[in-house]
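Here is what each chain is made of, one letter per residue.
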Amino acid sequence: MKSSLLLAASAVCGSCSNFVSSFSTNGAALQSKTPMKLDMFFATEAADDDTAAASTTKESMDVKLTPLDGSESSVINAAKFMVDSFWLQSPQNLIDGGGDLSSISDASKSSLTNIQADDLLSKYGERMGKRKLDALIVVASDGSSDTKSLSADDILGLVTIEVRLLNSNDLLSADESEFRLTQAVASLGPKQRREYKDASVLDIARELLPPEVTAVCSLSNLCTSPKARRMGIAAKLCSEAERLTKEELSFDEIYLRVESENEAAKKLYEDKLGYQSKFEASATALRVDAERGGFVEVDSDIVVMSKKL
């Protein structure tokens with residue numbers, strides 16, 4: 001069932017409200033959350049990134065994997081790349097109604113880029129003070145590219161990593177996760193609050209939240225450029241995300257979710273990358289509205305997977 005929710009370019013400046021992807025398990029009814037944010041969390045693009053084929057296509061290509069610094073220009077370039085390579089040229093065809101690039105006007109493309117940039121900046125961009133929940137964007141580029149001045153055209157692939165809370169079989173949004181952590185500390189007395197001032201998310205979740213709520217690290221927004229597919233780049237991005245999750249963020253497990261109908265992606269994650277299915281759920285996915293330059297929500301079944309590191 002398709003929702004009528006849309007966003008146009010005029011709505012993205014300043015305090016734009018985008019879309020949230022909420023999901024429930026065991027056939028329970030979907031519940032919308034407000035304010036809504038663009039929460040593209042489906043790691044699907046690897047379906048077209050067959051690592052077996054990589055040995056026969058530019059095997060010697062030097063690929064750099066670089067975490068972005070969160071500057072506005074770097075995040076906007078990441079947004080442009082995501083619109084071009086994921087939303088408009090995904091092997092899944094994410095254009096509502098099955099259209100193609102020819103159905104996207106320059107104005108619609110600009111609108112989509114603005115929406116995506118606004119969302120990425122809120123989650124991964126620079127901000128005053130330290131983020132309570134770690135989040136970063138990792139890009140793949142040709143080894144000869146200057147990583148300090150990458151343009152959208154220089155990017156070969158992209159993945160994001162972020163810390164969230166898992167409440168039983170419900171992976172909470174970043175906003176909801178941060179709210180619960182903040183409330184848990186705020187409920188303490190002054191002395192105890194000071195003790196948790198610099199505590200890690202893992203410690204706060206373990207010591208202050210109910211046992212069914214845990215902090216996890218999630219891989220999302222995995223996509224590769226059409227010109228660089230079937231070269232193993234998605235697998236390299238996943239490996240780098242796993243390394244950062246363990247070595248930099250101190251998590252021993254990483255999560256992702258993928259639409260159930262994407263058999264090729266599930267096969268790659270399970271058979272080649274070592275992920276295991278944790279549970280299935282109903283979710284709200286996004287598709288591109290080509291005419292109005294926004295996104296529409298559609299019901300989708302997903303599989304949540306994880307991998308021990």
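Quick note: structure is the one above.
All values derive from a computational prediction rather than experimental measurement.

### A word on the overall build of the chain
Part 1 of the argument: Across its full length, the chain holds 8 helices and 9 strands.
Part 2 of the argument: For the chain, the proportion of its 309 residues judged to be buried stands at 53%.
Part 3 of the argument: Partitioning the intrachain contacts of the chain with sequence separation of at least 6 by distance along the chain shows that 74% fall at a separation of at least 24.
Part 4 of the argument: Here the chain has roughly 14,200 Å² of accessible surface; of this, 46% comes from carbon and sulfur atoms.

### Overview of a negative patch on the surface
Part 1 of the argument: Together, E261, E280, D299 and D301 make up a region of like negative charge exposed at the surface.
Part 2 of the argument: By the element assignment, E261 lies in the loop between strand 7 (253-259) and helix 8 (263-272).

### Here's the deal with the nonpolar core
Part 1 of the argument: Within the largest apolar cluster, 47 residues are counted, with the highest numbers of intra-cluster contacts made by I161, L165, L219, L222, I233, Y269 and Y275.
Part 2 of the argument: When residues in this core are grouped by element, the largest group, 7 residues, is from helix 7 (residues 233-247).
Part 3 of the argument: The residues touching L165, leaving out its near neighbours within four places in the chain, are D170, L171, L172, S177, R180, L181, A205, L209, V213, T214 and A215.

### Quick word on helix 6 (residues 201-208)
Part 1 of the argument: Looking at helix 6, one finds that the buried residues are V201, I204 and A205. Relative to the axis of helix 6, the buried residues are bounded by an arc of 95 degrees and lie together on one face.
Part 2 of the argument: Elements in contact with the buried residues of helix 6: strand 4 (155-167), helix 4 (174-186) and strand 6 (213-224).

### Observations regarding the side chain of D289
Part 1 of the argument: Relative to the assigned elements, D289 resides in strand 8 (residues 276-289).
Part 2 of the argument: Salt bridges are absent for the buried D289, whose nearest opposite-charge side chain, R292, sits at 5.2 Å.
Part 3 of the argument: Within the structure, D289 has its side chain in polar contact with the backbone nitrogen of R292 (distance 2.7 Å).

### Concerning the packing of helix 2 (residues 72-87) against helix 3 (residues 106-124)
Part 1 of the argument: Viewed as axis vectors pointing N to C, helix 2 and helix 3 meet at an angle of 130 degrees, and their least axial separation amounts to 8 Å. By the criterion of interaxial angle, the relationship of helix 2 to helix 3 is oblique. Relative to helix 3, the crossing made by helix 2 is right-handed. On helix 3, the residues that touch E72, V75, I76, A78, A79, K80, M82, V83, D84 and W87 of helix 2 are K109, L112, T113, Q116, A117, L120, L121 and Y124.

Definitions and cut-offs
- Residues numbered from 1 in each chain as written.
- Predicted model: local features only at pLDDT ≥ 70, side-chain atom pairs only at ≥ 80, totals over all residues.
- Heavy atoms only, no water.
- Helix = DSSP H or I, 4+ residues; strand = E, 2+ residues; numbered from the N terminus.
- Buried < 20%, exposed > 50% of the residue type's maximum accessible area, 1.4 Å probe, protein only.
- Contact = heavy atoms within 4.5 Å.
- Areas by Shrake-Rupley, 256 points an atom, 1.4 Å probe, with all protein chains shown as cover.
- Patch = residues over 30% accessible without salt bridge, like charges linked within 9 Å, V, L, I, M, F, W, Y side chains within 5 Å.
- Salt bridge = Lys/Arg side-chain N within 4 Å of Asp/Glu carboxyl O.
- Lys, Arg positive; Asp, Glu negative; His and termini not counted.
- Charge placed at Lys NZ, Arg CZ, Asp CG, Glu CD.
- Core = buried A, V, L, I, M, F, W, Y, C linked by side-chain atoms within 4.5 Å.
- Arc of directions from axis to C-beta.
- Polar contact = N/O pair within 3.5 Å; in protein donor to acceptor, adjacent residues only side chain to side chain.
- Axes fitted to C-alpha atoms, helices over the stretch in contact; angles between N-to-C directions.
- Parallel < 35°, antiparallel > 145°, perpendicular 65-115°, else oblique.
- Left-handed = near helix turned anticlockwise from the far one by under 90°.

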